[in-house]
Amino acid sequence: MTLHPDLNFPAPEDFARLTPEEVAARINGPQGDGLSGTLGARLGIRFLSVTRERLRAEMPVGGNLQPAGRLHGGANLALAEELASVGSWINLDPRKQVAVGVDLSGTHVRGVSGGMVTGEATLAYRGRSVMVWTVEIRDERGRLTSMARCTCNVVSVGG
């Protein structure tokens, strides 16, 4: 598996000395607007805070609309999987293992037509070969717009 050349995850031994915001800044890429060529960058996803148990990221509604003028449900699910996948990676040594999303389900409960949404992922289960995350996505007024659950498998990459 080839990792993105700009990926700058902290090594496990460095993780404890970084704030959640410093970890998020590393994940946002060298320019702060995502890793080039990734879906997260294309959707405008920007990490705000990253710990091993909880992650927060925001995504603009503009540019991610369905033809009816509301935030596309697929964009919500992409935000949820981005949070869960990165959260799983943070719990691993990426020199030896990475995580990939294998199951994703969501329920959209409120439409959003502008502004930003913020997703918050919480680790629900951490095993040796699988991690499960719950994700809540909220509008700028703090109202729940989507809920998701994402399961990630842990894959060895050598080392």
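Residues numbered from 1 in each chain as written. Predicted model: local features only at pLDDT ≥ 70, side-chain atom pairs only at ≥ 80, totals over all residues. Heavy atoms only, no water.

Helix length check: helix α4 (residues 73–90) (18 residues) gives 26 Å between terminal C-alpha atoms against 26 Å at 1.5 Å per residue, within 8%. Counting buried positions over the 18 residues of α4 gives 14, a clear majority of the element. (Helix = DSSP H or I, 4+ residues; strand = E, 2+ residues; numbered from the N terminus. Expected span 1.5 Å × (residues − 1). Buried < 20%, exposed > 50% of the residue type's maximum accessible area, 1.4 Å probe, protein only.)

Quick look at the sheet that holds strand β2 (residues 54–60) now. Spatially, the six strands line up as an open sheet ordered β1-β2-β4-β5-β6-β3, and their pairing is antiparallel. With partners counted over all chains shown, the strands left at the sheet margins are β1 (46–50) and β3 (97–108), one partner each. Going across the sheet, the axis of each strand differs from the next one's by a mean of 25°, ignoring polarity. Against the sheet, α4 engages β1, β2, β3, β4 (116–126), β5 (130–138) and β6 (144–156), with an angle of about 145° to β3. (Pairing = 2+ DSSP bridges. Axes fitted to C-alpha atoms, helices over the stretch in contact; angles between N-to-C directions. Contact = heavy atoms within 4.5 Å.)

Let us look at the pattern of salt bridges. One pass over the full model with this rule turns up seven salt bridges. Arg56 serves as the salt-bridge partner of Glu120, at 3.8 Å between the closest nitrogen and oxygen. Within this pair, whereas Glu120 is found in strand β4, its partner Arg56 is found in strand β2, the two being separated by 64 residues in sequence. On the basis of relative accessibility, which here comes to 33%, the residue Arg56 falls in the partly exposed class. The shortest N-O distance in the salt bridge between Glu136 and Arg138 comes to 2.8 Å. Assessed through its relative accessible area of 37%, Glu136 is described here as partly exposed. On the basis of relative accessibility, which here comes to 31%, the residue Arg138 falls in the partly exposed class. Through salt bridges with shared partners, one network takes in Arg54, Arg56 and Glu120. (Salt bridge = Lys/Arg side-chain N within 4 Å of Asp/Glu carboxyl O.)

Before going further, it helps to examine helix α2 (residues 20–27). Within the span of α2, buried status applies to Val23, Ala24 and Ile27. On an axial view of α2, the arc spanned by its buried residues comes to 100°, and they lie on one face. Looking at the packing, one finds that the buried side of α2 touches α1 (12–15), β1 and α4. Directly beyond the C-terminal end of α2, a positive phi value near 85° is found at Gly29. (Arc of directions from axis to C-beta.)

In this section: the pairing of β4. Bridge analysis of β2 against β4 gives seven bridges, and the strand direction is antiparallel. Bridging across to β4, Arg54 finds its partner in Thr122. Count of turn residues in the β4/β5 antiparallel hairpin: three residues.

Turning to the state of the cysteines, a few remarks are in order. Tallied over the entire structure, the rule returns zero disulfides. Note on Cys150: no disulfide assigned, nearest cysteine sulfur contributed by Cys152 at a separation of 4.1 Å. Judged by its relative accessible area of 0%, Cys150 falls in the buried class. Here Cys152 falls in the buried class, since its relative accessible area comes to 1%. (Disulfide = S-S within 2.5 Å.)

Further remarks concern the environment of Leu39. On the secondary structure map, Leu39 appears in helix α3 (residues 39–43). Taking relative accessible area as the criterion, Leu39 reaches 51% and is therefore assigned exposed. Remark: the alpha-carbon pair of Leu39 and Ala78, spanning 39 residues in sequence, is separated by 8.0 Å.

Function-wise, these values are silent; they only describe arrangement.
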